[in-house]
Amino acid sequence: MPELPEVETIVRTLRPVLTGKTILSADLRWTRTLAAPSPAVFKKRIKGQQIESISRRAKFLDLKLSDMHLVFHLRMSGDLLVVLGGYQPAKHDRLIAKLSGDTSLIFSDPRKFGRIWLVQDTKYIFRDLGMEPLSEGFSPDWLYSALNNRRRQLKPLLLDQGFLAGLGNIYTDEALFLAKLHPLTSSDAITKKKAAGLWLAIREVLEEGIRRNGASIDWVYRGGDFQNHFRVYGRTGEPCPVCKTPVKRITVGQRGTHFCPHCQVRAKSKYPVK
Ligand SMILES: [Zn+2]
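Residues numbered from 1 in each chain as written. Predicted model: local features only at pLDDT ≥ 70, side-chain atom pairs only at ≥ 80, totals over all residues. Heavy atoms only, no water.

A. Spatial organisation of the nonpolar core. Counting 31 residues, the largest nonpolar core has L147, L198 and I202 as the members making the most contacts within it. Where this core is concerned, the elements lending two or more residues are helix 4 (140–148), helix 5 (154–159), helix 6 (169–178) and helix 7 (192–211). At 8 residues, helix 7 tops the list of elements feeding residues into this core. Leaving out residues up to four positions away in the same chain, L147 has contacts with L154, L157, F163, S187, D188, I190, A195 and L198. Formed by 28 residues, the second largest nonpolar core is a distinct cluster that contains I46, I51, L95 and F107. (Core = buried A, V, L, I, M, F, W, Y, C linked by side-chain atoms within 4.5 Å. Buried < 20%, exposed > 50% of the residue type's maximum accessible area, 1.4 Å probe, protein only. Helix = DSSP H or I, 4+ residues; strand = E, 2+ residues; numbered from the N terminus. Contact = heavy atoms within 4.5 Å.)

Written out as structure tokens, the structure is:
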């Protein structure tokens, strides 16, 4: 499933090719991909809209149009492609938008979990999203008080999009490893120093992921190679890169969780973790 660095990579790839293009028509090939509005209204409203800019909020892609926003969430298997010249629709294409300059924007999604919105205001789509981890607001102090205002295990808390927006299973496991924090540590047991370490680790893994164009795993191959640099994710039984203890896998909140049982010592909690 694409996480923040993978979506950011797509945004950076699409930005130079899509900015300034006009949407001439839209062929919606699987109507349930469209979250809002109705297919008829969508087709009518999108016609003639110019793509002014492209940005990312959490794992959403936001195409700012002349007077609307075209928003995508890729979920499990969605992908956005730009094709120059004639295009033959493929089996998993859910939306094909014809653009000026003999270009097509294609939303392909084999598993059909991805969603598209065409809205005037993105507020209601983004309303439940928490802090953006690459924004200025995400600071060591913010993280320290946000962790201490809650009493939850670190792994599920970091995955909670309403807490921090954009982290998924891979980057959470990698960040907790770098910060030497056990995934089951209670958030309110984190000292100011540990919070600063976790803040740095989150920034580092996300920036590394973006630098490596994301990870190409269990998903459409985009040329990213972060999967070759995972320290613990997906490395069950392999030696920890720091201490050589075999990496352990446990299930936390139904998610496979990878960590080093030696390096990631569980901090003492003021309260027992449920
Ligand atoms: Zn270790």
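B. Region of the structure containing the layout of surface pockets. The space that makes up the largest pocket amounts to roughly 380 Å³. Grouping the constituent residues of the lining of the largest pocket by class yields 11 nonpolar, 4 polar and 5 charged. (1 Å grid on protein atoms, 1.4 Å probe; cavity = no way out; pocket = protein on both sides within 12 Å on 5 of 7 lines; lining within 4 Å. Points joined across faces, edges and corners; volume = space filled by probe spheres on them. Nonpolar A, V, L, I, M, F, W, Y, C, P; charged D, E, K, R; others polar.)

C. Region of the structure containing the sheet that holds strand 5 (residues 69–73). In spatial order, the strands read 2-9-5-4-3; together these 5 strands make up an open sheet with mixed pairing. Sheet topology places strand 2 (34–36) and strand 3 (51–57) at the edges, where each strand pairs with a single neighbour. This sheet shows a mean twist of 20° between the axes of neighbouring strands, independent of strand direction. Sheet analysis places strand 2 next to strand 9 (residues 115–119), joined by 2 bridges and oriented parallel. Note on strand 9: the bridge partner recorded for L34 is I116. Of the strands in this sheet, strand 3 and strand 4 (60–65) are in contact with helix 1 (residues 4–18), which crosses strand 3 at around 170°. Each of strand 2, strand 5 and strand 9 is contacted by helix 2 (residues 39–46), which is oriented at about 60° to strand 9, the strand it contacts most. (Pairing = 2+ DSSP bridges. Axes fitted to C-alpha atoms, helices over the stretch in contact; angles between N-to-C directions.)

D. Spotlight on helix 1. Helix length check: helix 1, at 15 residues, gives a terminal C-alpha distance of 20 Å against a target of 21 Å (1.5 Å per residue), a fit within 8%. Among the residues making up helix 1, those that are buried are L4, P5, E6, V7, E8, T9, I10, V11, L14 and L18. Directly beyond the C-terminal end of helix 1, a positive phi value near 95° is found at G20. (Expected span 1.5 Å × (residues − 1).)

E. Structural context of the pairing of strand 4. Strand 4 sits mainly inside the fold: 5 of its 6 residues count as buried. With 6 bridges connecting them, strand 3 and strand 4 associate as antiparallel partners. Each residue of the ladder has a partner; that of I54, found in strand 4, is L63. In textbook terms, the turn of a hairpin is the stretch between consecutive antiparallel strands, and for strand 3 and strand 4 this stretch comprises 2 residues, one of which, A58, has a positive phi near 55°.

F. Geometry of the packing of aromatic side chains. All chains considered together, the criterion is met by 8 aromatic pairs. A centroid spacing of 5.5 Å and a plane angle of 40° characterise the contact between F72 and F107, whose relative ring orientation is tilted. Of this pair, F72 sits in strand 5 while F107 sits in strand 8 (residues 103–108), and the two are 35 residues apart along the sequence. Considering the side-chain rings of F230 and Y233, the 5.3 Å spacing of their centres and the 85° angle between planes classify their relative orientation as edge-to-face. (Phe/Tyr/Trp six-rings, centres within 6.5 Å; stacked < 30°, edge-to-face > 60°.)

G. Expanded view of the sheet that holds strand 1 (residues 23–28). The sheet built from 4 strands is open, its strands ordered 1-7-8-6 with antiparallel pairing. Each edge of the open sheet carries a strand with a single partner, namely strand 1 and strand 6 (79–84). Mean inter-strand twist for the sheet, computed between neighbouring axes without regard to direction, equals 20°. Two elements, strand 1 and strand 7 (residues 93–99), share 5 bridges in a ladder whose sense is antiparallel.

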